[in-house]
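# Fold and geometry: a report
One letter stands for each residue in the lines below.
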Amino acid sequence: MKLANEQDRVLSVIRFESICFEPIQIHPKEDIDQMIRLLITSPTNGGTKFQAPLEKARDIIEQDADYSEVDIVFITDGIAPLTSMFLQEYSESLEKLKANFFLLEIEPELRWSNTLRDLVNQSWVIDTEGNFEDLGVACSTSPDPQNSPP
């Protein structure tokens, strides 16, 4: 959000669980309180599916020129299978769109997001006490130094 605010960019927030919700457009300079309320009051019904929100993020980027050379920040506390075909196709889409992909895993067990890590520029793990572990750059594409993660 800080980077988007500095660059006067709009955020698209896609909440997901076993279903994918409609994206919410948030302008950080105007709507930071809305974003905070959204994140702390959003109910969750459990279950996790990764493919739908990833596809929705890609669709938003492809359909709006304002989203060229963007960052996708994927935050999850769950696990969901992704096929190798989907991972390959999505990786090619990220490269074509010049999109950076960042992953924040909340309290992962047994490193269950390894398939997602194949897509990311950089990933982190955070535990319930707020301790971060920087897992570093996971793919061959180097993150753009101008687009540091939030």
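For the structure given in this document, a descriptive report is provided here. (Residues numbered from 1 in each chain as written. Predicted model: local features only at pLDDT ≥ 70, side-chain atom pairs only at ≥ 80, totals over all residues. Heavy atoms only, no water.)

## Section: the pattern of salt bridges
Put simply, the rule reads: For this analysis, a salt bridge means a side-chain nitrogen from Lys or Arg found within 4 Å of a carboxyl oxygen belonging to Asp or Glu. Strands here are runs of E lasting at least two residues and helices are runs of H or I lasting at least four, both read from the DSSP assignment and numbered beginning at the N terminus. The buried label applies to any residue whose accessible area, calculated with a 1.4 Å probe on protein chains only, is under 20% of its type's maximum; exposed applies above 50%, and partly exposed to all values in between.
If you walk through the whole model with that rule in mind, you get three salt bridges. In this structure, glutamate 22 and lysine 56 form a salt bridge, with 3.8 Å as the shortest nitrogen-oxygen distance. One end of the pair, glutamate 22, is in the loop between β1 (11–13) and β2 (24–26); the other, lysine 56, is in helix α3 (residues 51–63), with 34 residues separating them in the sequence. The partner of arginine 58 in a salt bridge is glutamate 89, and the shortest N-O contact between them spans 2.9 Å. Taken together, the positions of arginine 58 in helix α3 and glutamate 89 in helix α4 (residues 84–97) put the pair 31 residues apart, joining distant regions of the chain. Since its relative accessible area comes to 10%, arginine 58 is described here as buried. Residue classification places glutamate 89 among the partly exposed residues on the basis of a relative accessible area of 34%.

## So, the environment of glutamine 88
Selection rule: We call two N or O atoms a polar contact when they sit within 3.5 Å, provided that within protein one can donate a hydrogen and the other can accept it, with sequence-adjacent residues counted only if both atoms are side-chain atoms.
Structurally, glutamine 88 is set in helix α4. Exposure remark for glutamine 88: the relative accessible area of 47% places this residue in the partly exposed category. When the C-alpha positions of glutamine 88 and leucine 119 are compared, they lie 8.6 Å apart, and in sequence the two are 31 residues distant. Of the polar contacts made by the side chain of glutamine 88, one reaches the side chain of glutamate 92; its length is 2.6 Å.

## Some details on the nonpolar core
Cut-off, in case you're wondering: In plain words, nonpolar cores are sets of buried Ala, Val, Leu, Ile, Met, Phe, Trp, Tyr and Cys residues tied together by side-chain atoms within 4.5 Å. In what follows, residue pairs with any heavy atoms lying within 4.5 Å of each other are defined as contacts.
Counting residues in hydrophobic clusters, the biggest one holds 24 residues, and the most contacted among them are Phe50, Leu54, Phe74, Tyr90, Phe101 and Leu116. Residue assignment for this core shows that the elements contributing at least two residues are α3, β3 (71–76), α4 and β4 (100–106). Element by element, the count of residues in this core is highest for α4, at five residues. Those residues in contact with phenylalanine 74 that sit more than four places away from it in its chain are Phe16, Phe50, Pro53, Leu54, Phe101, Phe102, Leu103, Leu104 and Leu116. In terms of nonpolar packing, the next biggest core, distinct from the first, is built from six residues, Leu11, Val13, Met35 and Leu38 among them.

## Overview of unusual backbone geometry
The phi dihedral of lysine 98 is positive, around 55 degrees, even though this residue is not glycine. For lysine 98, the location among the structural elements is in the loop between α4 and β4.

## Structural notes on α3
This is how the line gets drawn: Helix span is expected to be 1.5 Å times the residue number reduced by one. In this description, the arc belongs to the directions extending from the helix axis to the C-beta atoms.
Counted at 1.5 Å a residue, the expected span for α3 with its 13 residues is 18 Å, and the 18 Å between its end C-alpha atoms agrees. Within α3, burial applies to Pro53, Leu54, Ala57, Arg58, Ile60 and Ile61. In an axial view of α3, the angular spread of the buried residues amounts to 160 degrees, which keeps them on one side of the axis.

## Let's talk about the layout of surface pockets
Stated precisely, the cut-off is as follows: A cavity here means a set of points on a 1 Å grid, drawn over the protein atoms and nothing else, where a 1.4 Å probe fits but cannot get out; a pocket is an open set with protein on both sides within 12 Å along at least five of seven lines, and a residue lines either one if it has an atom within 4 Å of a point. Grid points are joined across faces, edges and corners, and a volume is the space filled by probe spheres set on the points. All amino acids are sorted into three groups, where Ala, Val, Leu, Ile, Met, Phe, Trp, Tyr, Cys and Pro are nonpolar, Asp, Glu, Lys and Arg are charged, and the leftover types, Gly among them, are polar.
Approximately 1,600 Å³ is the volume found for the largest pocket. For the lining of the largest pocket, the elements supplying multiple residues, two or more each, are α1 (2–6), β1, α2 (28–41), α3, β3 and β4. Counted by class, the lining of the largest pocket contains 32 nonpolar, eight polar and seven charged residues.

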